[in-house]
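Residue-level structural notes
Each chain is listed here by its residues.
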Amino acid sequence: MRLLFFRRMSFVDLASLRIKYKSEKEIFLESSIERKEPISLFRKWMQEACDTPEIIEPNAMCLATATKDAVPSARFVLLKDVTDDGFTFFTNYESRKADELTENSNVALAFYWLPLRRSVRIEGIAERVSRDASEAYFHTRPRASQIGAVASPQSKPIPNREFLDKKERALKEELGPDAEVPLPNWGGYLVRPKAIEFWQGQTNRLHDRIRFRKALKVDERVDGVLLHQGESDWVYERLAP
């Protein structure tokens, strides 16, 4: 009886958890998109996320990769650059994600900015950036982060936390306070997008979803009804929630 009572008291009714999203006056319409291409719209939404104090890390994104056998895995990383070519993040080239990207370059990214009731989903192909670009960014990081990147054999099993602490102390002693931290097997990936979807939540659950994509399906055509021609070789469409 005591165990049953504890379970009842500690259980959270997940099915009842819900928050209010946007109102009917804040519908996300195609007419609100100034340029009919996704990169400029992403920059606009990212800027609004950066200007929202409640959002602590607006550039945090979920990165999904998969093995050559299509077994997926996901984790959060930080977006460090966005250009017309795509989206850049950095990682250890010996990590699990890097191993999977070597086998299968298809990736998906997802941002969720709760206070704005917005999300962005990106699908594309990842490729390594140049060593010069990786090294340039690496040396802009705080020195402690640089040393941490050298000390950590990311995603590999280690005996205990002390293992990392010892490696960090040894590196600090070896490098001293001023020596440049050498670039480890570490660097950036550029995700070239094939599809970018913008989602805005509505309280009535008729959420807004507008997707931009590059490729047309077989026998598909831009009809101006379901599929619209955008700029820079993008087409766009509204999806049902």
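The structure under discussion appears in the preceding block.
Remember, predicted model here, so these are calculated numbers, not experimental data.

Okay, the overall build of the chain next. Scanning the chain from N- to C-terminus turns up 6 helices and 10 strands. Seen along its three principal axes, the alpha-carbon backbone of the chain occupies a region of about 65 × 65 × 40 Å. The burial tally for the chain puts 37% of its 241 residues in the buried class. Looking at the chain alone, contacts between residues at least 24 apart form 65% of all its contacts between residues at least 6 apart. Working note: accessible area of the chain is about 14,900 Å², and carbon and sulfur atoms make up 54% of it. Computed over 39 positive and 37 negative side-chain charges, the inter-centroid distance for the chain is 7 Å.

When you tally the buried positions in strand β8 (residues 208–213), you get 5 out of 6 residues, the bulk of the element. Here strand β7 (residues 186–200) runs beside β8; their pairing, made up of 6 bridges, is antiparallel. Directly across from glutamine 200, in β8, lies its bridge partner aspartate 208.

In summary, the side chains of a regular strand alternate between the two faces of the sheet. Relative to strand β10 (residues 235–238), β8 is paired through 4 bridges, and the arrangement is antiparallel. Bridging from a neighbouring strand, arginine 211 pairs with glutamate 237 of β10. When strand β9 (residues 228–229) meets β10, the two strands line up antiparallel, connected through 2 bridges. Each bridged residue has a counterpart across the sheet, and for histidine 228 the counterpart in β10 is tyrosine 236. What sits between β9 and β10 in their antiparallel hairpin is a turn of 5 residues, with serine 232 showing a positive phi close to 55 degrees.

Let us now look at unusual backbone geometry. The backbone of arginine 205 shows a phi angle near 70 degrees, a positive value even though the residue is not glycine. Mapped onto the elements of the fold, arginine 205 is located in the loop between β7 and β8. In this structure arginine 205 comes out as partly exposed when scored by relative accessible area, which is 29%. Despite not being glycine, serine 232 shows a phi value in the positive range, around 55 degrees. Judged by relative accessible area, serine 232 falls into the partly exposed class, the value being 46%.

Together, Val12, Leu14 and Leu17 line one region of the surface with nonpolar side chains, adding up to about 320 Å² of accessible area. Mapping leucine 17 onto the fold places it in the loop between α1 (2–10) and α2 (38–50). Looking at leucine 17, the relative accessible area reads 56%, which means it is exposed.

Right, let's get into the environment of lysine 25. Within the fold, lysine 25 resides in the loop between α1 and α2. When the C-alpha atoms of lysine 25 and glutamine 202 are compared, they prove to be 10.0 Å apart, with 177 residues separating the residues in sequence.

Further remarks concern the state of the cysteines. Considering all chains together, one arrives at 0 disulfides under this definition. In this structure cysteine 50 is a free cysteine whose sulfur lies 19 Å from that of cysteine 62, the closest cysteine sulfur available.

A word on the packing of aromatic side chains. In total, this model carries 16 aromatic pairs according to the counting rule given. Residues phenylalanine 42 and tryptophan 113 carry aromatic rings whose centres are separated by 6.3 Å and whose planes lie at 45 degrees to one another, so their mutual orientation is tilted. One end of the pair, phenylalanine 42, is in helix α2; the other, tryptophan 113, is in strand β5 (residues 106–113), with 71 residues separating them in the sequence. As far as burial versus exposure is concerned, phenylalanine 42 and tryptophan 113 are alike and both buried. Residues tyrosine 112 and tryptophan 199 carry aromatic rings whose centres are separated by 6.5 Å and whose planes lie at 65 degrees to one another, so their mutual orientation is edge-to-face. Remark: tryptophan 199 occurs in strand β7 and tyrosine 112 occurs in strand β5; sequence separation between them is 87 residues. An aromatic cluster of at least three residues, connected via ring pairs, comprises Phe28, Trp45, Phe198, Phe212 and Tyr236. Cation over ring: arginine 118 sits above tryptophan 45, and NZ or CZ is 4.2 Å from the ring centre. Positioned above the aromatic ring of tyrosine 93, the side-chain terminus of arginine 128 is 3.7 Å from the ring centre.

Rules used throughout
Residues numbered from 1 in each chain as written. Predicted model: local features only at pLDDT ≥ 70, side-chain atom pairs only at ≥ 80, totals over all residues. Heavy atoms only, no water. Helix = DSSP H or I, 4+ residues; strand = E, 2+ residues; numbered from the N terminus. Buried < 20%, exposed > 50% of the residue type's maximum accessible area, 1.4 Å probe, protein only. Contact = heavy atoms within 4.5 Å. Areas by Shrake-Rupley, 256 points an atom, 1.4 Å probe, with all protein chains shown as cover. Lys, Arg positive; Asp, Glu negative; His and termini not counted. Charge placed at Lys NZ, Arg CZ, Asp CG, Glu CD. Pairing = 2+ DSSP bridges. Patch = residues over 30% accessible without salt bridge, like charges linked within 9 Å, V, L, I, M, F, W, Y side chains within 5 Å. Salt bridge = Lys/Arg side-chain N within 4 Å of Asp/Glu carboxyl O. Disulfide = S-S within 2.5 Å. Phe/Tyr/Trp six-rings, centres within 6.5 Å; stacked < 30°, edge-to-face > 60°. Lys NZ or Arg CZ within 6 Å of the ring centre and 35° of its normal.

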